[in-house]
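Residue-level structural notes
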Amino acid sequence: MSKDTLTVTDNRTGAQYELTVENGAIRAADLARIKTSDDAPGLLSYDPAFLNTAACKSAITFIDGDQGILRYRGYPIDQLAEKSSFLEVAYLIVKGELPAASHLRAFVHNITHHTIVHENIKKFIDGFHYDAHPMGILVGTVGALSTFYPEAKQINDPESRKIQTHRLIAKMPTLAAFAYRHSIGMPYAYPDNDLSYTGNFLNMMFKKTELKYKPNPVLERALDVLFILHADHEQNCSTSAMRTVGSSQADPYSAVAAATAALYGPLHGGANEGVVRMLTQIGDRSKIPAYIKRVKDGEVRLTGFGHRVYKNYDPRAKFIKRIADEVFEVTGRSPLLDIALELERIALDDEYFVSRKLYPNVDFYSGIIYQAMGFPLDMFPVLFAIGRTPGWLAQWAEMLTDPERRILRPRQIYVGHDVRDYAPVSERRDDNPI
Ligand code: ACO
């Protein structure tokens with residue numbers, strides 16, 4: 001008869017242990033029972049970069065990387081991207097269910113009426129250098145919001161969590177657009193509550209002297225769908241940062257600042273910017289084979305390819321190709337698209353990429369679309385951050401309400417010096433690095 005246990009024999013001692021298997025996992029803490037003697041330290045599991053460690057139980061996002069499946073709260077990503085709006089998906093992710101019509105109306109109203117930021121925020125955005133990266137401005141300003149809402153420290157109060165969640169989803173586009181306007185020396189454009197969430201964001205980004213900005217409906221919908229595709233992605237680097245900082249009971253603005261900082265890196269939210277830079281650098285389809293050779297020689301990476309979890313096509317990348325066609329109908333075809341398509345075709349036919357299961361990820365095409373819509377490269381990770389905010393907040397709330405919640409604190413394997421005595425400066429060798 002099969003049992004949901006794992007029997008481990010410690011060959012150092014000959015002792016046997018039975019470990020419970022639950023949800024396809026053993027508890028790493030159970031390994032601590034495995035010791036060579038009563039006073040020896042228990043066995044640790046060593047997993048740099050968390051390749052095979054589940055750090056939490058979560059009911060938000062399901063990914064099957066081998067099958068290329070992504071679902072939010074059980075709903076397949078393609079159904080949501082096809083039929084839903086970003087704010088409806090945000091509600092689903094944060095609250096767990098799709099909203100009834102009246103609840104959606106109330107949610108949209110709440111978010112819409114929290115889009116304005118305190119006037120002082122403008123002052124410290126003004127303090128940034130004229131060419132400051134908007135992602136750097138976003139990290140700083142979203143963290144600074146915590147000083148405007150000291151009650152956000154009441155992280156165990158569901159009502160406080162709800163208000164901060166509304167504020168953060170609402171204000172991220174405002175901070176993002178203000179950061180952009182600062183970088184091009186344009187006056188800030190205030191939110192327009194008549195517009196949709198995404199329409200208003202386009203208004204705050206691109207409004208010039210017209211009395212009322214009218215977003216192009218195709219571009220508005222395309223960006224809304226891109227936000228949906230980025231809304232959550234289980235325990236990725238930035239979400240882990242959100243949970244780690246949140247676990248110390250920091251307020252959600254500080255935790256979102258940490259998550260945004262994690263997203264800033266070129267291996268995570270910076271990849272879409274990297275793709276456009278890479279495609280621009282390649283410049284012509286004829287130069288693709290030479291670039292692929294450099295990738296295979298280990299000189300550079302093919303940005304926008306590969307994923308820690310997806311070892312099959314990224315389901316978001318599939319959908320994004322369709323959006324690209326719709327956007328290019330309006331904006332005209334980007335010359336980078338042809339290079340991207342050819343690069344993808346060659347890579348998917350090449351043993352190097354096939355054997356490593358490297359497929360285009362969400363960023364491979366999203367950058368080209370953003371660029372066609374008029375967003376500068378620096379804004380790409382910022383757009384990602386806007387889309388990901390509901391996911392970060394849902395994961396944060398889930399962590400706080402988890403009965404097993406504790407401060408996140410990994411263990412280590414110490415490989416440094418054994419104990420040694422302090423030497424006065426006059427007796428130290430001078431061949432150590434300065
Ligand atoms: N180009 C070329 N080779 C690659 C690439 C790539 N983009 N990605 C992985 N590889 C190779 C590695 O060199 C390695 O080969 P090896 O076994 O011969 O050493 C193998 O594939 C496995 O790569 P890892 O780095 O171990 O994979 P990991 O899961 O740690 O990294 C990551 C995943 C960071 C996404 C990686 O694929 C990468 O750097 N991609 C490019 C950056 C990118 O597009 N990031 C966006 C990710 S999606 C997101 O954040 C929304």
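What you are looking at is a predicted structure, and each value in this text was computed from that prediction instead of being measured.

1. Examining the layout of surface pockets
By volume, the second largest pocket amounts to about 230 Å³. Where the lining of the second largest pocket is concerned, the elements lending two or more residues are helix 2 (86-95), helix 6 (158-183) and helix 17 (380-400). With five residues, helix 6 is the single largest residue contributor to the lining of the second largest pocket.

2. Examining empty space enclosed by the protein
Scanning the entire structure with this criterion turns up one cavity of 30 Å³ or more. Its volume calculated, the largest cavity comes out at about 50 Å³. Surrounding the largest cavity, Leu87, Ile111, Thr112, Thr115, Asp192, Asn193, Leu195, Ser196, Tyr197 and Asn200 form its lining. Mapped by element, the contributors of at least two residues to the lining of the largest cavity are helix 3 (101-112) and helix 7 (197-206). Grouping the constituent residues of the lining of the largest cavity by class yields four nonpolar, five polar and one charged.

3. A look at the site of the ligand
Neighbouring residues of the ligand: 18 residues in total, closest Arg301, Leu302, Gly304, Phe305 and Arg308. Between the ligand and leucine 302 there is a distance of 2.8 Å, counted from a nitrogen atom to a backbone nitrogen or oxygen. Glycine 304 is positioned with one of its backbone polar atoms (N or O) 2.9 Å from an oxygen atom of the ligand. Considering the ligand on its own, with 920 Å² of exposed area, one finds that the protein chains cover 72% of that surface. Classifying every residue of the shell around the ligand gives nine nonpolar, five polar and four charged.

4. Things to note about the state of the cysteines
Counted under the stated rule, the structure contains zero disulfides. There is no disulfide at cysteine 56, and the cysteine sulfur nearest it, in cysteine 237, is 14 Å away. The exposure class assigned to cysteine 56 is partly exposed, which follows from its relative accessible area of 22%. Accessibility expressed as a relative area gives 48% for cysteine 237, which makes it partly exposed.

5. Considering the packing of aromatic side chains
Per the stated rule, a full pass over the model turns up 19 aromatic pairs. Measuring from centroid to centroid gives 5.3 Å for phenylalanine 206 and phenylalanine 375, while their planes differ by 55 degrees, and the two rings are tilted. Linking phenylalanine 206 in helix 7 with phenylalanine 375 in the loop between helix 16 (363-372) and helix 17, this pair joins segments that are 169 residues apart in sequence. Exposure remark for phenylalanine 375: the relative accessible area of 2% places this residue in the buried category. Seen from their ring centres, phenylalanine 305 and phenylalanine 353 are 5.9 Å apart, and the 70 degrees between their planes marks the pair as edge-to-face. Placement of phenylalanine 305 in the loop between helix 12 (288-296) and helix 13 (315-331) and of phenylalanine 353 in helix 15 (residues 351-355) is noted, with a sequence separation of 48 residues between them. Take phenylalanine 305 and phenylalanine 353: they sit in the same class, and that class is buried. Among the aromatic residues, those joined into a cluster by ring pairs are Phe86, Tyr180, Tyr197, Phe201, Phe206, Phe227, Tyr370, Phe375 and Phe380. A cation over an aromatic ring shows up here: arginine 356 above the ring of tyrosine 352, its NZ or CZ 3.8 Å from the ring centre.

6. A short note on the environment of aspartate 232
Tracing the sequence through the fold places aspartate 232 in the loop between helix 8 (217-229) and helix 9 (237-247). The sequence separation of aspartate 232 and threonine 141 amounts to 91 residues, and the corresponding C-alpha distance is 22 Å. Beyond its immediate stretch of four places on either side in the chain, aspartate 232 contacts Ile60, Thr61, Leu70, Tyr72, Ile93, Arg388, Gly391, Trp392 and Gln395. Looking at aspartate 232, its side chain comes within polar contact range of the side chain of threonine 61, at 2.6 Å.

7. Section: helix 6
An ideal rise of 1.5 Å per residue puts 38 Å on 26 residues; helix 6 measures up with 37 Å between its terminal C-alpha atoms. Burial analysis of helix 6 places 21 of its 26 residues in the buried class, which makes it a mostly covered element. At the N-terminal end of helix 6, a side-chain oxygen is found 2.9 Å from the backbone nitrogen of glutamate 159, two or three residues along, and the residue is aspartate 157. Backbone geometry just after helix 6 places glycine 185 at a positive phi near 70 degrees.

8. Brief notes about the sheet that holds strand 4 (residues 61-64)
Within a beta sheet, neighbouring strands are joined by backbone hydrogen bonds and run either parallel or antiparallel to one another. An order of 4-5-6 is seen for the three strands of this open sheet, with the pairing classed as antiparallel. The open sheet has two edge strands, strand 4 and strand 6 (75-76), and neither has a second partner. Pairing analysis gives two bridges linking strand 5 (residues 69-72) to strand 6, with the strands arranged antiparallel. Along strand 6, the bridge assignment pairs tyrosine 72 with tyrosine 75.

9. Things to note about the pairing of strand 5
Residues Leu70 and Tyr72 of strand 5 are buried on one face, while the alternating residues Ile69 and Arg71, pointing to the opposite face, are not. As consecutive antiparallel partners, strand 4 and strand 5 are separated by four residues, and within that stretch glycine 68 has a phi angle of approximately 70 degrees, a positive value.

10. Regarding the packing of helix 11 (residues 271-282) against helix 16
Where helix 11 contacts helix 16, the axes come no closer than 8 Å and their chain directions differ by 75 degrees. Considering the angle they form, helix 11 stands roughly perpendicular to helix 16. Between helix 11 and helix 16, the contacting residues are Ala271, Asn272, Val275, Val276, Met278 and Leu279 on the first element and Asp363, Phe364, Ser366, Gly367, Ile368, Tyr370 and Gln371 on the second. Looking at side-chain class alone, the contact of helix 11 with helix 16 contains eight nonpolar, four polar and one charged residues.

11. Here's the deal with unusual backbone geometry
The backbone of glutamate 234 sits at a positive phi, close to 40 degrees, despite the residue not being glycine. Here glutamate 234 lies in the loop between helix 8 and helix 9. Positioned with a positive phi, lysine 357 is a non-glycine residue whose angle comes to about 55 degrees. In this fold, lysine 357 is placed in the loop between helix 15 and helix 16.

About the cut-offs
- Residues numbered from 1 in each chain as written.
- Predicted model: local features only at pLDDT ≥ 70, side-chain atom pairs only at ≥ 80, totals over all residues.
- Heavy atoms only, no water.
- 1 Å grid on protein atoms, 1.4 Å probe; cavity = no way out; pocket = protein on both sides within 12 Å on 5 of 7 lines; lining within 4 Å.
- Points joined across faces, edges and corners; volume = space filled by probe spheres on them.
- Helix = DSSP H or I, 4+ residues; strand = E, 2+ residues; numbered from the N terminus.
- Nonpolar A, V, L, I, M, F, W, Y, C, P; charged D, E, K, R; others polar.
- Near = heavy atom within 4 Å.
- Polar contact = N/O pair within 3.5 Å; in protein donor to acceptor, adjacent residues only side chain to side chain.
- Areas by Shrake-Rupley, 256 points an atom, 1.4 Å probe, with all protein chains shown as cover.
- Disulfide = S-S within 2.5 Å.
- Buried < 20%, exposed > 50% of the residue type's maximum accessible area, 1.4 Å probe, protein only.
- Phe/Tyr/Trp six-rings, centres within 6.5 Å; stacked < 30°, edge-to-face > 60°.
- Lys NZ or Arg CZ within 6 Å of the ring centre and 35° of its normal.
- Contact = heavy atoms within 4.5 Å.
- Expected span 1.5 Å × (residues − 1).
- Pairing = 2+ DSSP bridges.
- Axes fitted to C-alpha atoms, helices over the stretch in contact; angles between N-to-C directions.
- Parallel < 35°, antiparallel > 145°, perpendicular 65-115°, else oblique.

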